[in-house]
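Coordinate analysis (summary)
Residues per chain, in single letters:
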Number of protein chains: 2
Amino acid sequence: MSFELTILGSNSAAPAHSRHQSAQVLRLENLIFLIDCGEGTQMQISRYRVKISRLKHIFISHLHGDHYLGLVGLLSTLNLRNRKEDLFVFGPSGLDDIITMHLKYTETVLGYKVHFTVLDPENPEIIVDNDLLVVSTIPMDHRIPCTGFLFKEKPRKYRLKKGNDLSKLSFDEINTLKSGVPVQRDNQVKYSLEDYTLPPLKPRAYAYCSDTRYNESIIPYIESVDLLYHESTFLSDQEERAFETFHSSARQAANIALKANVSKLILGHFSIRYKNLEPLLSEAREVFANSYLAIEGQKINIELDNYGQEA
Amino acid sequence: MSFELTILGSNSAAPAHSRHQSAQVLRLENLIFLIDCGEGTQMQISRYRVKISRLKHIFISHLHGDHYLGLVGLLSTLNLRNRKEDLFVFGPSGLDDIITMHLKYTETVLGYKVHFTVLDPENPEIIVDNDLLVVSTIPMDHRIPCTGFLFKEKPRKYRLKKGNDLSKLSFDEINTLKSGVPVQRDNQVKYSLEDYTLPPLKPRAYAYCSDTRYNESIIPYIESVDLLYHESTFLSDQEERAFETFHSSARQAANIALKANVSKLILGHFSIRYKNLEPLLSEAREVFANSYLAIEGQKINIELDNYGQEA
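With that settled, consider the sheet that holds strand S7 (residues 126–129) of chain A. Residues and elements named next belong to chain A. Read across the open sheet, the seven strands follow the order S7-S8-S9-S14-S15-S16-S17; overall the sheet is mixed. Taken across any chain shown, the strands that pair with only one partner, and hence form the sheet edges, are S7 and strand S17 (291–293). On average, each strand axis in the sheet is tilted by 20 degrees relative to the strand beside it, whichever way the strands run. Bridge count between strand S16 (residues 264–268) and S17: three bridges; the pairing is parallel. Opposite Leu267, over in S17, you have Leu293 as the bridge partner.

As C-alpha cells, this is what we get:
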C-alpha cells in the first residue's frame, strides 16, 4: 500500500530559482491529499501528473500568499473538469471568505460541493478520520495563525504466519487472531498469537510543519514519525532573522527531527536568498544525518516497516 | 523607440498544453504595461525576463479567474522586492475588494501605494494620458463586465528634412516647423512644410480585445490599429458555443481585423480543447492573411511607419 509524498513547491515567499511556492501531495492508496496550495500549484499538479480526480481533501496551513494563492484557480479548474464529488477544504478562518468573494465576483457556481472546515490554530484536533488514516492538526508558532498537519495510518491487523494449518479455524476465529487476541476453546488457548501471527505492520506517519519558528512544543505531536517536513527558510547564521520572521533554520529543523526521533527529515520552504541549497542540507545533516532537501517533482515513499520480520 | 508586445499567457479558462492563462506585457520606451494577470504571471514575467521594476500600470479586463488570479501574488512579490513606487491598477468593480481582502487576511501592508481605478464597462474612457501614450477602454461583449484596452502613442512632431540650411532659423521657428506650421516672415511663407519637413511618423496603436463575443460595435475603437489581439477561443464550427459562452472563433476575430482594417492580428485565449493551434490560424488567414498565433515568450515589435519616406 503506497504512502507517497510528492513535492510540488519548495520555496518561500515568492517563486525563484525555478522553485515554486509551498504545495505537496500525499498519496495513500487511491486517495490524494493536497497540503498547501501556492500560486501555480495546478500547473505543478499537471506537470507531475498527479491524478487530481482522486483529490478529496485540501489542507491550507495559513493565509500567507505563498501557501494558498493557487487554491481559487484550482477549485475553478476542478469545476471546468466537471468535478461532481464533494471536496473537503481545511484552513484558517478567513479562507472561506476569500473563496466566497472570488466565486461571487467571477459569478461562478461550482458544480460540486465544498465543505469548508475552519481550523483552530491553538488546539490540536482530529480533522479527518476514515478507514485508512487520521489527520490531525499541530499548532505552529508563526506570525499569523498557522497549523501543521499529521497524517497517520490507522492501526493494522495482526498478520497470519505462513506454514500453519488454519483449516480447522472458523472465519470468526481467524478474525480474532487478526485483531490480536488468541483463540480459546474449552477455556484453553488453542491458537496463540506467538505461534500463529506476526505483529501488525507499524502505521506510517507523515508530519508537515510549515511555517514555524523553532519550537519544541511540537515534538510530542510528531514523535517518531516516519517522515517529517519541517520548514527551513534560513541557514543558522540567520537564526535571529528566523526568530523575528517566525521561521526556522535548517539546523533548527534538524534539531527538532533529532529530538522527536523521526526517521527522515525533509527540508523546505527555502528563502529566495539561497540559489544553492547544499549549505542548508549540510548544516542539517551535521545534526540529523537522515536529512534531505525538498526537490520539486520528487516522490518520497514511506515503506511499510516489517519490524524486522518477514510477512 | 520600442513598442513591443510580449505574450505571457495565451490560454483560456485553465492552463493546458504548456500554455498559461491571459497575460501580456506592452513595452513602450522604458515603461512596462501589464495587460491581464492570470495565475502564474509572475513566473512568466521571470521566465521571459520582463523588467518588472519598470512596471507602473496594470490593466485587468474582467473578473474571470484566468485573467486576474495572478494579481495578488504579483503585488506581494513586488512588495518583497522592496518596491516603493506607486502602482496604478485598472480593473472592474470588485477587484479592489478582492485585493483588500487578501491584504487583510495575510496581514500585509504594502510598502508602495496602489492607485486603483474602477473601469466603466459600458462607456469608453481615457484612463492613462502621459507624454508617451493614451490608454483608453473598449467595451467588450462578455458574460460579465469586461473592457478591452487601446494603447495609442501620442502624435509626433514633423521631422526636419535633411540637406536644408537651417542656420538662419531661430529656435522658435524650428519648433514652429516641427509643430506642422510653415514659418512666415513679412507675411510671406519663407519656409514651407513641403520644402523643409517630412510629415510626422504615424503614432502606433495596439488594441487588446479579450474576452468578447463577435461584435462589430468595437470596430470604430480599433480602426486601423497596427496590432490587434482579439480572442479566438474556438474554431468556427463552434460558433454557436462561442455565442453562448460570450467568446469568438478565430474566423470571427479575423473578420473583425479585416473590417477594422488593422495591420496585424494576433489570435489568443485558446480553448483547452485545442492542443494543436494550426487550424485556428488557417481559418483566420483565410479571412485575414496577416494573422498570427499568440505564442508565449514571443515578442512582437511594432515598427515605426515612415509613410514610405526616408527620415
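As a further point, take the relation of the copies chain A and chain B. Aligned on chain B, chain A shows an RMSD of 0.1 Å; the corresponding rotation is 180 degrees and the shift along the axis is 0.0 Å. What the superposition gives is, in effect, a two-fold axis relating one chain to the other. Looking at the rotation axis and the C-alpha trace of chain A, the residue lying nearest is A:Gly40, at 2.7 Å. Of the residues that chain A buries at the interface, 100% are likewise interface residues in chain B, meaning the two copies contact each other through the same surface.

Looking now at the packing of helix H9 (residues 250–259) of chain B against helix H10 (residues 278–287) of chain B. Residue and element names in this part refer to chain B. Viewed as axis vectors pointing N to C, H9 and H10 meet at an angle of 30 degrees, and their least axial separation amounts to 8 Å. If you check the angle between H9 and H10, you find them roughly parallel. Note on packing geometry: the crossing formed by H9 with H10 is right-handed. Here H9 contributes Ala250, Arg251, Ala253, Ala254, Asn255 and Leu258 to the contact with H10, which in turn contributes Leu280, Glu283, Ala284 and Val287. Of the residues that constitute the contact of H9 with H10, the class distribution is seven nonpolar, one polar and two charged.

We now examine the interface of chain A and chain B. Taken residue by residue, the interface counts 27 residues in chain A and 27 residues in chain B. At the level of elements, helix H1 (41–47), helix H3 (71–80) and helix H4 (95–105) of chain A are the ones that each hand at least two residues to the side of chain A that touches chain B. Here the residues of the side of chain A that touches chain B sort into twelve nonpolar, twelve polar and three charged.

Turning our eyes to something else, we now look at the domain arrangement of chain A. Along its sequence, chain A is carved into domain 1 (3–156 + 201–301) and domain 2 (159–198). Using C-alpha coordinates to define each centre, domain 1 of chain A is positioned 42 Å away from domain 2 of chain A.

In this structure, the amide linkage connecting A:Ser210 to the following residue, A:Asp211, adopts the cis form with an omega of -5 degrees. Among the secondary structure elements, A:Asp211 is positioned in the loop between strand S14 (205–209) and helix H7 (219–222). A positive phi angle, near 60 degrees, is found at A:Ser18, a position not held by glycine. Looking at the element boundaries, A:Ser18 is found in the loop between strand S1 (3–9) and strand S2 (23–28). The backbone of B:Glu29 sits at a positive phi, close to 55 degrees, despite the residue not being glycine. Its 12 C-beta neighbours within 10 Å are what place B:Glu29 among the exposed residues.

Ranked by internal contacts, the top residues of the largest apolar core, which has 141 residues, are A:Leu228 and B:Leu228. Excluding anything up to four places from it in sequence, A:Leu228 contacts A:Ala207, A:Cys209, A:Ile222, A:Ala257, A:Ala260, A:Val262 and A:Leu265.

Residues and elements named next belong to chain A. Burial analysis of S14 places five of its five residues in the buried class, which makes it a mostly covered element. Of the two faces of S14, the one carrying Ala205, Ala207 and Cys209 and the one carrying Tyr206 and Tyr208 are both buried. Across four bridges, strand S9 (residues 147–153) lies against S14 in antiparallel orientation. Bridging from a neighbouring strand, Leu150 pairs with Ala207 of S14. With four bridges joining them, S14 and strand S15 (residues 227–231) adopt parallel strand pairing. Looking at the pairing, Cys209 lines up with His230 of S15.

Turning next to the environment of B:Glu223. Residue and element names in this part refer to chain B. With respect to the helices and strands, the residue Glu223 is situated in the loop between helix H7 (219–222) and strand S15 (227–231). Considered as a pair, Glu223 and Ala260 are 37 residues apart in the sequence and their alpha carbons are 4.5 Å apart. Beyond its immediate chain neighbours, meaning those up to four positions away, Glu223 contacts Ala260 and Asn261.

This next bit is on helix H9 (residues 250–259) of chain A. All names here are of chain A. Across the ten residues of H9, seven count as buried, placing the element largely inside the fold. Among all positions of H9, only Ala250, Arg251, Gln252, Ala253, Ala254, Ile256 and Ala257 are buried. In this structure, the buried side of H9 is in contact with H7, S15, helix H8 (239–244), S16, helix H10 (278–287) and S17. Where H9 terminates, the next one or two residues include Asn261, which has phi positive at roughly 55 degrees.

Parameters and conventions
- Residues numbered from 1 in each chain as written.
- Chains lettered and ligands numbered in written order.
- Predicted model: local features only at pLDDT ≥ 70, side-chain atom pairs only at ≥ 80, totals over all residues.
- Pairing = 2+ DSSP bridges.
- Helix = DSSP H or I, 4+ residues; strand = E, 2+ residues; numbered from the N terminus.
- Axes fitted to C-alpha atoms, helices over the stretch in contact; angles between N-to-C directions.
- Least-squares fit on C-alpha atoms with pLDDT ≥ 70 in both.
- Contact = placed C-beta atoms within 7 Å.
- Parallel < 35°, antiparallel > 145°, perpendicular 65-115°, else oblique.
- Left-handed = near helix turned anticlockwise from the far one by under 90°.
- Nonpolar A, V, L, I, M, F, W, Y, C, P; charged D, E, K, R; others polar.
- Domains from an automatic or database assignment.
- Buried ≥ 20, exposed ≤ 12 C-beta atoms within 10 Å, placed from the backbone.
- Core = buried A, V, L, I, M, F, W, Y, C linked by C-beta atoms within 7 Å.

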